[in-house]
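Commentary on secondary and tertiary structure
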Amino acid sequence: MSSLGQLLLVGVPGPELAAETAATFRRIQPGGFILFGRNIQTPGQLRKLIDDLRDLSEVEPIITIDQEGGRVSRLKLIGNEPPNANQLRDKGDLGLIRRHGTVTGRLLRIFGFNLDLCPVLDISFDDEADNSLRGRCYGNNVAQVIRNAGAFNEALRAGGIQSCGKHFPGYSAASIDAHHELPTIQRSRAELEAHELAVFRHFADQVDSMMVAHGYYPSLDASGAPSSLSHAVVTDLLRRDLKFQGLIMTDDLDMGAILNHYSLRETMRLAITAGNDLAMICHRIPSIEEAHASLADLPRPDLERALSSVAAFKTKMAAPEPWDEAEFRRRDGEVFDLRVAVLGPEAAAQRSPEDGKRSPVEIY
């Protein structure tokens, strides 16, 4: 099956495509590309990189990024920092949250992105928890997350950018950061149903894709498997119980939660046979050759199911808008205007303290 590369969502090493990397991507034909801070230097450079990725792809690729708000806003490296989900939650104005979705979609479209890896659908049980979600959650309870994340999601999708609910099945009760090690999440099935899963059930027919977290949930799968590699979580719970019909992807398989425990071949086998459609490899670019080769050994029904899901997702992707740097500057100005509306002029001038730092997943 020559199209197996369509099951890989891969990172890109730097701000431009080296000949060797381009040759690898041409050969493997990944289904999509995820961009990080290391890929972003100037607006024109970013658009050229995305155009180059599209040019080497025989099938129109998914081009995605984490553009949430606050510190998890890759495009703030070349522009303004949007308010984060906590700040929007605390302001309590649904109109501003919708505006954030609209502005985000407009910004992404002009670069050629077609998927944003948000909204975060996790409930913040503790705004100060050290689990990588600080500042990223739209609410402290089910109703608040549904209302706020729903407003952002609806506006983002209306602008032609597909959305991704994360981190299924609910990651905010984790006590450690999966970028470094696998957390065990000791929530009963009843607790999950009343809180985390209630949110994901609501969004099952409202987001285009879902990202599965790396966590061990004994109440969902007692085998010890991380949720992202668990058939019980991905297929039995998300596909069959929640009846989710969209694209399912793993979180980054280069995180310590997975990397410390599984070989790459075993990771790929478990990811696809669990029911994921896309396996995400963000940082070990030289390893995508091995990841691609390992796919050929997997059961054909699993491969065909995943390929069909990726192809269906791609029928809904919007084409990039023509590049216009002056228009980018106008849209970036809309980000700052929103920031002022949410935070006030004085606070809007202060960027989040993590500004300029790479996320743990980039340096792991």
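Residues numbered from 1 in each chain as written. Predicted model: local features only at pLDDT ≥ 70, side-chain atom pairs only at ≥ 80, totals over all residues. Heavy atoms only, no water.

1. Considering the sheet that holds strand E9 (residues 247-250)
The parallel open sheet is built from eight strands, whose spatial order is E9-E8-E7-E6-E3-E2-E1-E10. A strand with exactly one partner marks an edge of an open sheet, and here the two such strands are E9 and strand E10 (279-281). Of the pairings in the sheet, the one linking strand E1 (residues 8-11) to E10 comprises three bridges and is parallel in character. Across the sheet, Leu9 pairs through a bridge with Met280, a residue of E10. Across the sheet, helix H7 (residues 196-203) is in contact with strand E7 (162-168) and strand E8 (209-212); its angle to E7 comes to roughly 160 degrees. (Pairing = 2+ DSSP bridges. Helix = DSSP H or I, 4+ residues; strand = E, 2+ residues; numbered from the N terminus. Contact = heavy atoms within 4.5 Å. Axes fitted to C-alpha atoms, helices over the stretch in contact; angles between N-to-C directions.)

2. Regarding the environment of Cys282
In this structure, Cys282 sits in the loop between E10 and helix H11 (288-295). Overall, Cys282 belongs to the buried group, its relative accessible area being 1%. Among all residues touching Cys282, those that are not within four sequence positions of it are Gly11, Ile34, Phe36, Arg38, Asp252 and Asp254. (Buried < 20%, exposed > 50% of the residue type's maximum accessible area, 1.4 Å probe, protein only.)

3. Some points on helix H1 (residues 19-28)
Of all the positions in H1, only Thr21, Ala22, Thr24, Phe25 and Ile28 are classed as buried. Along the axis of H1, the buried positions cluster into a sector of 160 degrees, meaning they face one direction only. In H1, the exposed residues that point more than 90 degrees away from the buried face are Ala19, Glu20 and Arg27. As for H1, its buried residues are in contact with E1, strand E2 (32-35), helix H2 (43-55) and H11. The positive-phi residue at the C-terminal boundary of H1 is Gln29, with phi of around 55 degrees. (Arc of directions from axis to C-beta.)

4. Let's talk about the packing of helix H10 (residues 264-274) against H11
In a pair of packed helices, the angle between the axes and the distance between the axes together describe the arrangement. The interhelical angle for the contact between H10 and H11, taken along N-to-C directions, is 50 degrees, at an axis separation of 9 Å. By the angle between their axes, H10 is oblique relative to H11. The way H10 lies across H11 gives a crossing that is right-handed. Along its contact with H10, which presents Leu264, Arg265, Met268 and Ile272, the element H11 presents Glu290, Ala291, Ala293, Ser294 and Leu295. Within the contact of H10 with H11, the residues separate by chemical class into six nonpolar, one polar and two charged. (Parallel < 35°, antiparallel > 145°, perpendicular 65-115°, else oblique. Left-handed = near helix turned anticlockwise from the far one by under 90°. Nonpolar A, V, L, I, M, F, W, Y, C, P; charged D, E, K, R; others polar.)

5. Examining the pattern of salt bridges
Summed over the entire model, instances satisfying the criterion amount to 34 salt bridges. For the salt bridge of Arg265 with Asp297, the shortest nitrogen-to-oxygen distance reads 3.2 Å. Taken as a pair, Arg265 in helix H10 and Asp297 in the loop between H11 and helix H12 (300-314) lie far apart in primary sequence, 32 residues in all. Several salt bridges converge on common partners, so that one network encompasses Arg106, Glu321, Glu327, Arg330, Arg331 and Glu334. (Salt bridge = Lys/Arg side-chain N within 4 Å of Asp/Glu carboxyl O.)

6. Things to note about the confidence of the model for the chain
Averaged over every residue, the pLDDT of the chain is 94; the share at 70 or more is 96%. Considering only residues more than four positions removed or in separate chains, one finds that residues 355-359, a stretch of pLDDT under 50, has five contacts. (pLDDT = per-residue confidence, 0-100.)

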